[in-house]
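Breakdown of the fold
Here's the letter readout for the chains.
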Amino acid sequence: MTLSVKIKKALGSFDGGNSQSTGPDTGSLKSQRSAHSEKFELEVEFEVPPGFAILFGASGSGKTTTLKSISGIVRPDAGCISIDDEVLFDSGRRIDLPIRRRGVGYVFQDLALFPHLTVQANVEFGMSERPHSDRRRRAEAMMDALRISHTARRRPGEISGGEAQRVALARALTCKPRILLLDEPLSAIDEATKLGIISDLKSLNCELRLPILYVTHNREEAISLGERVIVYERGRVVARGEPIEVFGTPITTSVARLTGVENIFAGLVVGKSETGGTMTVEISDGSGVCLVDVPFGNEALGEHVTIAVPSGDILLATEEPRSTSLRNRLSGRISAIEDKVNRTVVSVHAGVTWNASVTRQAVKELGLSEGKEVWLAFKTHSCYLLDQTQ
Amino acid sequence: MAEIDWFPLTLSLRVALIATAFVVIIGVALGWLLARRRFFGRELLDAAVTLPLVLPPTVLGYYLLVLLGRRSPVGHAIEAITGQPLVFTWRGAVVAAGIGALPLVVKTSRTAIAAVDTNLENAARTLGESEWRVFWRVTMPLASRGIIASAMLAFARALGDFGATLMVAGNIPGRTQTAAVAIFDAAQAGRDNYALVLVLILSAVALTLVYATNKLTIDRR
């Protein structure tokens with residue numbers, strides 16, 4: 001099963017997703033358009049084969065509107081949406097299937113659990129056509145699989161955020177959807193619970209093999225789940241591909257920022273060596289300056305450039321890494337250590353402040369702590385010269 | 001005070017109950033339409049439905065007489081179908097009381113329905129539910145407090161209708177004389193004790209209902 005999407009829709013500067021619960025859809029979009037001079041058009045085209053596809057981008061870039069268009073809650077101005085051969089929406093052929101006939105499972109950003117029903121009734125909600133015993137059996141199996149059986153008799157107001165997330169997922173899956181849409185499902189959940197749900201989502205994915213479109217602006221989630229990433233910016237797809245490609249080779253400054261490349265610096269070309277294949281760039285941030293070697297390019301001496309270094313490409317060492325091919329070796333002092341979902345970000349002040357991603361294990365083995373002297377090392381080719389047009 | 005005639009009071013209760021039943025069905029449907037559907041003339045419809053609240057009851061009664069009278073096509077049709085005319089019967093009193101109560105139900109249920117998160121209704125739709133079932137399984141239960149409150153207000157209003165009832169149903173003791181009309185009659189004829197008994201009973205019922213309505217709507221969230 002493959003989902004194909006090609007849509008156009010005029011938007012306000014916010015993608016409506018966060019504000020739509022306050023009013024009817026068309027009304028809030030209209031009022032946003034008049035309230036914000038900054039408006040743009042959502043115009044995207046992509047396909048989602050079975051497996052996770054991450055819709056990645058800043059809030060207000062049109063991600064939620066895309067999900068709402070696929071599910072039929074929002075009607076695009078033009079375009080075509082289909083699952084395999086079945087057309088859900090086609091502006092040219094005037095096809096617009098009602099929401100209930102689309103077979104689209106949707107986990108809303110605010111979950112939208114029915115507050116007047118128990119967890120069990122929420123999970124059974126979409127199976128009202130089936131006989132009672134069948135309904136109960138399937139709901140129980142699904143609650144078991146998602147480890148929420150103990151909440152069956154409680155109401156959504158009486159369970160934790162992580163449990164509520166699983167209930168919403170169970171409710172969507174018991175209807176046997178053909179595709180699954182997840183709108184920032186983990187945004188309001190603590191890190192430990194997140195890891196559990198991510199691993200459950202992964203095993204569900206292996207089992208079901210549905211096209212799953214997962215909206216997030218969190219890089220860790222995108223990397224842990226994504227088989228494909230589609231990067232949105234102001235209503236356009238600006239990058240797509242495997243997470244490694246997309247997050248590893250930032251093309252523009254905005255993509256680099258969006259995809260969470262933590263090290264982006266403005267600099268000046270101060271040396272060029274064509275034979276060595278490198279250029280030396282003096283970079284600076286508010287806290288100081290430092291020299292790095294970057295790949296040889298067309299930039300002239302004295303030209304302003306922007307370079308990006310993915311945090312995962314930076315190696316940390318407790319003593320100077322001498323005999324390696326790494327051209328960039330900087331010594332500095334750890335200024336902060338921050339735990340993220342699946343990695344730890346170590347900030348090191350070495351002329352400028354660098355962020356390096358390492359595992360918790362590495363932090364432990366190297367005995368890293370704030371104030372400790374360390375060496376940073378990375379390859380010339382880990383320094384990307386960014387296109388500054390955007 | 002020799003003997004109290006309870007007929008006007010029982011008639012009023014019966015008229016108010018039946019009027020409330022009709023008005024809640026029609027009023028909630030209109031309230032849903034106004035809260036959830038966008039169509040040309042939506043606010044005009046809202047204004048038209050609100051009119052009974054602000055028009056003099058005699059104007060309302062006059063419209064109903066013209067519309068439902070024996071010489072009007074509608075009145076004629078009703079008489080042909082039911083075998084009885086509507087005007088100057090207790091059924092006429094039901095219509096008069098119902099029209100007066102309609103704006104209360106429409107306004108209150110529109111507000112209650114508009115307050116239900118549309119995301120919840122959309123979630124139900126993605127789970128395969130039709131509009132009709134979304135209404136019964138999601139919208140209605142979540143708006144139920146407001147709708148019950150609107151029904152109680154409607155009952156209180158219908159119980160007290162005077163002007164329109166007098167014009168459409170008349171003042172026929174033992175047949176169409178409701179409590180509100182009987183109080184007028186009794187006060188005119190100097191039967192003050194009888195008037196007072198009915199006045200106190202109607203006041204107590206109204207106070208109870210309005211109090212309960214407030215409790216229901218204010219305790220919300």
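Residues numbered from 1 in each chain as written. Chains lettered and ligands numbered in written order. Predicted model: local features only at pLDDT ≥ 70, side-chain atom pairs only at ≥ 80, totals over all residues.

Description of the overall build of chain B
- In terms of regular secondary structure, chain B is built from ten helices and zero strands.
- Written out in order from the N terminus, the α and β elements of chain B read α-α-α-α-α-α-α-α-α-α.
- Projected onto its principal axes, the C-alpha coordinates of chain B cover approximately 65 × 45 × 30 Å.
- By the burial criterion, 44% of the 221 residues in chain B qualify as buried.
- The contacts of chain B with a sequence gap of at least 6 include a subset with a gap of at least 24, amounting to 75%. (Helix = DSSP H or I, 4+ residues; strand = E, 2+ residues; numbered from the N terminus. Buried ≥ 20, exposed ≤ 12 C-beta atoms within 10 Å, placed from the backbone. Contact = placed C-beta atoms within 7 Å.)

A word on the interface of chain B and chain A
- Taken together, the contact between chain B and chain A spans 17 residues of the former and 19 residues of the latter.
- Every element with two or more residues in the side of chain B that touches chain A is listed here: α6 (118-126) and α7 (131-159) of chain B.
- No other element matches α6(B), which puts eight residues into the side of chain B that touches chain A.
- Among the residues making up the side of chain B that touches chain A, the classes are represented as seven nonpolar, six polar and four charged. (Nonpolar A, V, L, I, M, F, W, Y, C, P; charged D, E, K, R; others polar.)

Side note on unusual backbone geometry
- Positive phi is not limited to glycine here, since R209(A) has a value of about 45 degrees.
- Along the chain, R209(A) falls in the loop between α6 (191-208) and β9 (211-216).
- Taking the C-beta count within 10 Å as the criterion, R209(A) has 12 such neighbours and is therefore assigned exposed.
- Positive phi, normally seen in glycine, also occurs at F88(B), with a value near 60 degrees.
- With 19 C-beta atoms packed within 10 Å, F88(B) lands in the partly exposed category.

What to know about the sheet that holds strand β1 (residues 3-11) of chain A
All names here are of chain A.
- Strand order across the open sheet formed by five strands is β2-β1-β4-β5-β6, with antiparallel pairing between neighbours. Because the sheet does not close on itself, it has two edges, and the strands there are β2 (40-48) and β6 (95-96).
- Where helix α2 (residues 63-71) meets the sheet, it contacts β1, β2 and β4 (78-83), and its direction lies at approximately 120 degrees from that of β1. (Pairing = 2+ DSSP bridges. Axes fitted to C-alpha atoms, helices over the stretch in contact; angles between N-to-C directions.)

Some words on the sheet that holds strand β7 (residues 104-107) of chain A
Residues and elements named next belong to chain A.
- Across the sheet, six strands lie side by side as β7-β8-β9-β3-β10-β11; this open sheet has mixed pairing. Only two strands of the sheet have a single neighbouring strand rather than two, namely β7 and β11 (236-241). Sheet twist, expressed as the mean angle between neighbouring strand axes with direction ignored, is 20 degrees.
- As paired strands, strand β10 (residues 228-233) and β11 are joined by five bridges and run antiparallel to one another. Each residue of the ladder has a partner; that of Y232, found in β11, is V237.
- Contacts from α2 reach β3 (51-56), β7, β8 (179-183), β9 and β10, with the element oriented near 150 degrees to β8.

Some thoughts on the environment of Q361(A)
- Along the chain, the position of Q361(A) falls in helix α10 (residues 360-366).
- On a C-alpha basis, the gap between Q361(A) and T344(A) in space is 9.4 Å, while along the polypeptide they are 17 residues apart.

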